[in-house]
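Structure at a glance
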Amino acid sequence: NFGRIQLTKVSPNKTVEGALGGAAGCVSMALLLAWSMHWPFWYLTGTAFGLIVFLASLFGDLTQSVMKRDAGVKDSGNILPGHGGILDRFDSYIFTAPLAYYFMQFLIIPLMGLGPWYK
């Protein structure tokens, strides 16, 4: 019975197994990105980036679920019926985008010796 362990009551269709699969996929893609872009310490920075993106996207998704539950609605709009609304397509980016930017700006770019402070 794989995929039966509920992650949280806020979003009952989310499972622990799904979250672990999402984390593994996110870290795998981030490692591939880090290796292909020649990040310094690619195995560490790629893993860290993958975990940050995974956790931020999960947090954004669960935050959106809490807001919908508090409002007493199933979908956040009717533009994409059956998908939870248009906000469900972007909820994970709300927290992920700023963290990805700051990870690059304050860790990867300085580690590569790039950026305005190296001119």
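Quick notes on the rules
Residues numbered from 1 in each chain as written. Predicted model: local features only at pLDDT ≥ 70, side-chain atom pairs only at ≥ 80, totals over all residues. Heavy atoms only, no water. Axes fitted to C-alpha atoms, helices over the stretch in contact; angles between N-to-C directions. Helix = DSSP H or I, 4+ residues; strand = E, 2+ residues; numbered from the N terminus. Parallel < 35°, antiparallel > 145°, perpendicular 65-115°, else oblique. Left-handed = near helix turned anticlockwise from the far one by under 90°. Contact = heavy atoms within 4.5 Å. Nonpolar A, V, L, I, M, F, W, Y, C, P; charged D, E, K, R; others polar. Expected span 1.5 Å × (residues − 1). Buried < 20%, exposed > 50% of the residue type's maximum accessible area, 1.4 Å probe, protein only. Patch = residues over 30% accessible without salt bridge, like charges linked within 9 Å, V, L, I, M, F, W, Y side chains within 5 Å. Areas by Shrake-Rupley, 256 points an atom, 1.4 Å probe, with all protein chains shown as cover. Salt bridge = Lys/Arg side-chain N within 4 Å of Asp/Glu carboxyl O. Core = buried A, V, L, I, M, F, W, Y, C linked by side-chain atoms within 4.5 Å.

So, on to the packing of helix α1 (residues 16–36) against helix α2 (residues 42–71). Relative orientation of the contacting elements α1 and α2 amounts to 140°, with a least axis distance of 7 Å. When the axis of α1 is compared with that of α2, the two are oblique. For the pair α1 and α2, the crossing hand works out as right-handed. Here A19, G22, A23, C26, V27, A30, L31, L33, A34 and W35 of α1 lie close against α2, whose contacting residues are W42, Y43, T45, G46, T47, F49, G50, L51, V53 and F54. For the contact of α1 with α2, the per-class residue count stands at 15 nonpolar, 5 polar and no charged.

Take the packing of α2 against helix α3 (residues 87–111) next. At a minimum axis distance of 8 Å, the contact between α2 and α3 shows a crossing angle of 150°. The orientation of α2 relative to α3 falls into the category roughly antiparallel. Where α2 crosses over α3, the two elements pack in a sense that is right-handed. Taken together, the residues of the contact of α2 with α3 break down into 15 nonpolar, 7 polar and 4 charged.

As a further point, take α3. Helix length check: α3 (25 residues) gives 35 Å between terminal C-alpha atoms against 36 Å at 1.5 Å per residue, within 8%. All of the buried residues in α3 are D88, D91, S92, T96, A100, F103, Q105 and I108. Structurally, α3 contributes buried residues whose contacts are with α2.

Taken together, M29, L32, W35, F41, W42, Y43, L44, L107 and L111 make up a surface patch of nonpolar side chains, about 940 Å² in accessible area. Every element with two or more residues in the nonpolar patch is listed here: α1, α2 and α3. By the element assignment, L32 lies in helix α1.

Quick look at the nonpolar core now. In terms of nonpolar packing, the biggest core is built from 8 residues, these being A30, A34, W39, F49, V53, A100, F103 and I108. Looking at this core, the elements with two or more residues in it are α1, α2 and α3. Not counting the four nearest positions on each side in its chain, A34 is found in contact with W39, W42, T45 and G46.

Looking at the secondary structure, you find S92 in helix α3. With relative accessibility at 18%, the residue S92 sits in the buried group. In this structure, the C-alpha to C-alpha distance between S92 and K9, residues 83 residues apart in sequence, is 18 Å.

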